[in-house]
Amino acid sequence: MEFTAKQIAEFVGGHIEGNAEAKVSTFAKIEEGREGALSFLSNPKYTHFIYETKSSVVLIGDDVVLEREVKPTLVRVKNAYEAVARLLQLYEQMKPRRTGIDPTASISAKATVGQNVYIGAYAVIGDGAVVGDGAQIYPHVVVGDGVSIGSETKIYPNVTIYEGCRIGSRCTLHAGAVIGADGFGFAPGQDGYDKIPQIGIVVIEDDVEIGANTCVDRSTMGQTVIHRGVKLDNLIQVAHNCEVGENTVMSAQVGLAGSTKIGQWCMVGGQAGFAGHIQVADRTNVGAQCGVIKNTKGQGETLIGSPAMDPKIFFKAKAIYSHLPDMYRELAQLRREVEDLNKKLSGE
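Residues numbered from 1 in each chain as written. Predicted model: local features only at pLDDT ≥ 70, side-chain atom pairs only at ≥ 80, totals over all residues. Heavy atoms only, no water.

Caption draft 1: Summary view of the sheet that holds strand S29 (residues 237-238). Strands sit in the order S9-S12-S15-S18-S21-S26-S29-S32-S35-S38 across an open sheet of 10 strands; the sheet is parallel. At either end of the open sheet lies a strand with only one pairing partner, and these are strand S9 (106-107) and strand S38 (291-292). (Pairing = 2+ DSSP bridges. Helix = DSSP H or I, 4+ residues; strand = E, 2+ residues; numbered from the N terminus.)

Caption draft 2: A look at the side chain of Gln136. Take Gln136: it is sitting in strand S14 (residues 136-137). Reaching out from Gln136, the side chain makes a polar contact with the backbone oxygen of Arg98 at a distance of 3.1 Å. With sequence-adjacent residues up to four places away left out, Gln136 is seen in contact with Arg97, Arg98, Tyr118, Thr153, Lys154 and Ile155. (Polar contact = N/O pair within 3.5 Å; in protein donor to acceptor, adjacent residues only side chain to side chain. Contact = heavy atoms within 4.5 Å.)

Caption draft 3: Structural detail: the packing of aromatic side chains. Applying the stated rule across the entire model yields seven aromatic pairs. Measuring from ring centre to ring centre gives 5.5 Å for Phe27 and Tyr91, while their planes differ by 75 degrees; the resulting arrangement is edge-to-face. Placement of the pair is Phe27 in strand S4 (residues 26-27) and Tyr91 in helix H2 (residues 80-93), with a sequence separation of 64 residues. Judged by its relative accessible area of 24%, Phe27 is partly exposed. Connected via pairs of aromatic rings, a cluster forms that spans Tyr118, Tyr138 and Tyr156. Across the ring face of Tyr51, the terminal group of Arg68 is positioned such that the distance to the ring centre comes to 4.0 Å. A cation sits over an aromatic face here: Arg86 above Phe11, 4.9 Å from the ring centre. (Phe/Tyr/Trp six-rings, centres within 6.5 Å; stacked < 30°, edge-to-face > 60°. Buried < 20%, exposed > 50% of the residue type's maximum accessible area, 1.4 Å probe, protein only. Lys NZ or Arg CZ within 6 Å of the ring centre and 35° of its normal.)

Caption draft 4: Geometry of helix H1 (residues 5-12). Within H1, the full set of buried residues consists of Ala5, Ile8, Ala9 and Val12. Angular distribution of buried residues about the axis of H1 spans 100 degrees; they occupy a single face of the element. Downstream of H1 by a residue or two, Gly13 has a phi angle that is positive, lying close to 70 degrees. (Arc of directions from axis to C-beta.)

Caption draft 5: View of the sheet that holds strand S33 (residues 261-262). Ordered by their spatial adjacency, nine strands build an open sheet running S10-S13-S16-S19-S24-S27-S30-S33-S36, and the pairing between neighbours is parallel. Both edges of this open sheet fall to strand S10 (112-113) and strand S36 (279-280), since each of them pairs with a single strand only. The sheet contact formed by strand S13 (residues 130-131) and strand S16 (residues 148-149) spans two bridges and is parallel. Paired with Val131 across the strands is Ile149, a residue of S16.

Everything listed here is a matter of geometry and, on its own, says nothing about what the molecule does.
Below you can see the structure in the form of structure tokens.
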């Protein structure tokens, strides 16, 4: 597939500086640019690469001021990162789609499989499962009894979806994800821990993406819910009865304890942890390695540190922390001086 700078500009709503007929057939990072490649510049730290890149076309923000002429054709847009995302989506959509059912796949006679579906080698589709039109089930995927999968959803190799769970349309589940394993429910007894049966399900709504080896546990009763548009990175743990609000995004290794409710449009950094039975308000920003142990105050709040706190308080405390050894020595010295003074006063 080959496109001209003019075609790209028309698609993303940009304007051209340079040769409108410059052609590209692939993508490349701006620092690794080559002839015939399309690159983009959105991070100011990479601006110096624009003067030496060999890419033929570069997407660049309207507000970027260049110090000298550059070789590639520029396509000026309001948001270069958003524009390249749209182009990559177009590129992905134009790839040939897999279709057909591999003869080694095991599909229950009681399952319902839609049209234009791909089911790869050694995939298993259980009793009563429903696979929507255009879904793509890659090799070694296990779709349990009674599972429903919406149209155009893509499920990569070695994903396991336990019985009864529901996956929406246009979702992507990456390799090794586990949907609907038992929540961590045990009751301490006289002789150990008694298993609490987890009889609920997981519901994943439309347009959700779940990263590799991420686990979403089924609820004790009712539903664990991942709402529409949520994006979960790799190696995330969502415990039983949790709820993640629409369009919330989470980086790798985030952990949600049971019955945590995360609001809409939240952004969560890597390795953040959430205590159970708490509520996080809409549009809350949670920093990396943050520990959230109680309900948040309101929309738009930013939290960092563990336990989570306002960034201003955190950085003030951090500044004091580095002085604690000196403060401890000074305090010890003051104690000795006070003791000496008390001895002198009692002797008088």
